[in-house]
Amino acid sequence: MGVGNGTGRLGLLELVHGVLFSPAATFKAVGGAPPLKEAAFIFFLLTLSNSLAGSFLLRSNFAGIPGAHVTEVTRVVTGLLPAFVLIAIAFATAKWFLYSALFHFLAGLLGGRGNPRETLAVCALAGLPGIFLVPVELALDILKVAAVPAAALGGLVGFGILVWEVILLVIGLREVHRFTTGSAVITVLLPLAALVCLALLLVIGIVVSAGAFLPSFLSG
C-alpha cells in the first residue's frame, strides 16, 4: 500500500489507516515529514474517548454494588466527569512528553537519527489501537456485565492492545530513527525493565523493613 498524498505529508485518515494496517510504510513517511498536529489531534481524541468510556463503565460498576442508589451514583459520577476527563488528559499529555523524551534520548544513544518532532509523532500514533478499547468498555456498560468479569475481560483486551501498541512503537522508532529493530526494541523495553527493577527493589525493601519491624512488634 502506498502512503502519502503527493505532498510528502499524510492526511488524518491516511495516518489512522496506515498506522493500523501498514505501519512500516506509514512511519517511514512520518519520518520524512512528521505530521505533529494530526498526531496530537489523534492523541487527544483517543484520550478523550477512552476517559469517557472508562467513566461510563465506572459508573455502571458502582451502580451495580449491592445497596447502591443508582440515581445518586449517576449524579455523583456525572458531576465528577469534567474533572475526571481533565485529569486524564493532563496525565496522558505529561506521559506522552515524558516517554517521548526518554525514548528520544535512548534512541540517540543507540545511534538513532530522528528528531524530537518525529519521536513525538510516533509516540502519539502508536496509541491508535487504544480506540478498540472504547467499544469494548461501552459494550460492557450497555450489557451491564458484573464488575469482576468486566474487569477481567477489559484487562485481557487491554493487554492485547498494549502489546499491539508496543509493536507499533518499535516499528515507528525504527523507521524515524533509521536504526535496527534490535535497537528499537532496546529503546522501548529498557525503561520498562528499569521500572520492573525499581518495583522489585521497592517490594524487597518493604519486605525487609517489615521483617525487621515484626519481631520487635510481636515481642512488645
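Engineer: Would you explain the layout of surface pockets in this entry?
Structural biologist: Empty pockets left among the atoms are what a rolling probe the size of a water molecule brings to light. Here the largest pocket is characterised by a volume of approximately 1200 Å³. Lys95, Tyr99, Gly127, Leu162 and Glu165 are, among the 35 residues lining the largest pocket, the residues nearest its centre. Contributions of two or more residues to the lining of the largest pocket are made by helix H3 (36-63), helix H4 (70-109), helix H5 (116-125), helix H6 (133-142), helix H7 (147-177) and helix H8 (181-219). Considering every element that reaches the lining of the largest pocket, the biggest residue donor is H4, with nine residues. For the lining of the largest pocket, the class distribution of residues is 25 nonpolar, seven polar and three charged.

Engineer: Any chance you could explain the nonpolar core here in plain terms?
Structural biologist: Considering soluble globular proteins, one finds that nonpolar side chains tend to be buried as a cluster. Within the largest apolar cluster, 33 residues are counted, with the highest numbers of intra-cluster contacts made by Phe27, Val30, Trp96, Leu125 and Leu169. Those elements that place two or more of their residues in this core are helix H1 (12-21), helix H2 (23-32), H3, H4, H5, H7 and H8.

Engineer: Please explain the packing of aromatic side chains as it appears in this structure.
Structural biologist: Working definition: an aromatic ring pair is given by the centre-to-centre distance plus the angle between the planes. If you walk through the whole model with that rule in mind, you get six aromatic pairs. Each ring, one from Phe43 and one from Phe44, has its centre 5.3 Å from the other, and the planes form 80 degrees; the classification is edge-to-face. When the ring of Trp96 is compared with that of Phe97, the centres are 5.1 Å apart and the planes differ by 50 degrees; the resulting orientation is tilted. Each member of the aromatic cluster is reached from another via a ring pair, and the members are Phe43, Phe44, Trp96 and Phe97.

Rules behind the numbers
Residues numbered from 1 in each chain as written. Predicted model: local features only at pLDDT ≥ 70, side-chain atom pairs only at ≥ 80, totals over all residues. Heavy atoms only, no water. 1 Å grid on protein atoms, 1.4 Å probe; cavity = no way out; pocket = protein on both sides within 12 Å on 5 of 7 lines; lining within 4 Å. Points joined across faces, edges and corners; volume = space filled by probe spheres on them. Helix = DSSP H or I, 4+ residues; strand = E, 2+ residues; numbered from the N terminus. Nonpolar A, V, L, I, M, F, W, Y, C, P; charged D, E, K, R; others polar. Core = buried A, V, L, I, M, F, W, Y, C linked by side-chain atoms within 4.5 Å. Buried < 20%, exposed > 50% of the residue type's maximum accessible area, 1.4 Å probe, protein only. Phe/Tyr/Trp six-rings, centres within 6.5 Å; stacked < 30°, edge-to-face > 60°.

Structural measurements only, silent on function.
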